[in-house]
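Chains, contacts and geometry: an overview
The chain contents come next:
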Amino acid sequence: MSPTPASPETITADIWVDPRCPWAWITSRWMLEVEQVRPVETRFHIMSLSVLNEGREVPEKYRQGMIDGWACVRVCIAAQEQHGTEVLRPLYNAMGRLIHHEKAGLGHDMITAALKEAGLPVELVSAADDDSWDEKLRIQHHEGMDPVGSEVGTPVIHVPGPDGEPLAFFGPVLTPAPRGEAAGKLWDGVLAVTSTDGFFELKRGRDRDPIFD
């Protein structure tokens, strides 16, 4: 009788997201699909577009978002500090659904609803206006962003490389999120290019808005 083949070892993919970014939301939905067809576990972390764009000139239409965007990421950091890293996944999922599907905005009402959905104390909403959380936010932001440089946004993903050293990359930016085996094939391709020494960029112009189906 032939020996039973060993199951592939599960790898951890660390993803850095800002709840208000629609492109990061779609990539995160793709990662949840990848988990179903490849031995991958996605671990969520927080970055902040407001931190990323501090001191930069941004178009007028984005400026209010830079201000409003502090609230939800502060609450995510407070929730993580008080209840563990594992709460980021359900909290981010709740915030993303409310922001991108329900168009619930970035304010306290959305955050409170997301905390309830994630099974977390609603009192955490007080962190939204508390800039004492910003130092921990910046630390987590830079842990994710520094390995890929300052000229990219979110999502950023870190995975173990062939030599055991982490590979960090921006993206993929896509819409809509592939499902089933299509998600797995894209994952295989992403790993193939990002593990190639000297590979830096593959890009084309966007021809559609985010699709949240």
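Residues numbered from 1 in each chain as written. Predicted model: local features only at pLDDT ≥ 70, side-chain atom pairs only at ≥ 80, totals over all residues. Heavy atoms only, no water.

1. Details of the overall build of the chain
- Looking only at helices and strands, one finds eight helices and four strands in the chain.
- Along the chain direction, N to C, the helices and strands of the chain fall in the order β-α-β-α-α-α-α-α-α-β-β-α.
- Over its C-alpha atoms the chain spans a radius of gyration of 18 Å, differing by no more than 12% from the 17 Å that the globule rule assigns to 213 residues.
- Across the 213 residues in the chain, those meeting the buried criterion constitute 47%.
- Counting only contacts in the chain whose residues sit at least 6 apart along the sequence, the fraction spanning at least 24 positions is 70%.
- Of the roughly 11,600 Å² of accessible surface on the chain, a fraction of 51% belongs to carbon and sulfur atoms.
- Put simply, the chain has 20 plus and 33 minus side-chain charges, and the middle of one group is 6 Å from the middle of the other. (Helix = DSSP H or I, 4+ residues; strand = E, 2+ residues; numbered from the N terminus. Rg over C-alpha atoms; globule rule 2.2 N^0.38 Å. Buried < 20%, exposed > 50% of the residue type's maximum accessible area, 1.4 Å probe, protein only. Contact = heavy atoms within 4.5 Å. Areas by Shrake-Rupley, 256 points an atom, 1.4 Å probe, with all protein chains shown as cover. Lys, Arg positive; Asp, Glu negative; His and termini not counted. Charge placed at Lys NZ, Arg CZ, Asp CG, Glu CD.)

2. A look at the packing of aromatic side chains
- Taken as a whole and assessed by the stated rule, the structure comprises three aromatic pairs.
- Ring centres of Trp 30 and Trp 187 lie 5.9 Å apart, and the angle between their planes is 55°; this geometry places the pair in the tilted category. With Trp 30 in helix α1 (residues 22–37) and Trp 187 in helix α8 (residues 180–194), this residue pair connects regions lying 157 residues apart in the sequence. The pair formed by Trp 30 and Trp 187 is uniform in burial state, with each residue classed as buried.
- Each ring, one from Phe 44 and one from Tyr 92, has its centre 5.4 Å from the other, and the planes form 35°; the classification is tilted. Residue Phe 44 is found in strand β2 (residues 40–46), and its partner Tyr 92 is found in helix α5 (residues 88–101); the two are separated by 48 residues along the sequence. (Phe/Tyr/Trp six-rings, centres within 6.5 Å; stacked < 30°, edge-to-face > 60°.)

3. Comments concerning the pattern of salt bridges
- This model, assessed by the stated rule, comprises eleven salt bridges.
- A salt bridge links Asp 18 to Arg 20; its shortest N-O distance comes to 3.8 Å.
- Of the residues examined, Arg 20 reaches a relative accessible area of 15% and is grouped as buried.
- Its salt-bridge partner being Glu 117, residue Arg 97 comes within 2.4 Å of it at the nearest N-O pair. Taken together, the residues Arg 97 in helix α5 and Glu 117 in helix α6 (residues 108–117) connect sequence positions 20 residues apart.
- Salt bridges sharing common partners tie together Arg 38, Glu 181 and Asp 188. (Salt bridge = Lys/Arg side-chain N within 4 Å of Asp/Glu carboxyl O.)

4. Quick look at unusual backbone geometry
- Put simply, Thr 154 and Pro 155 share a cis peptide bond, and its omega is 10°.
- Position of Pro 155 relative to the elements: it lies in the loop between α7 (134–145) and β3 (156–160).
- Here Thr 175 and Pro 176 are connected by a cis peptide whose omega angle stands at -10°.
- Mapped onto the secondary structure, Pro 176 falls in the loop between β4 (166–170) and α8.

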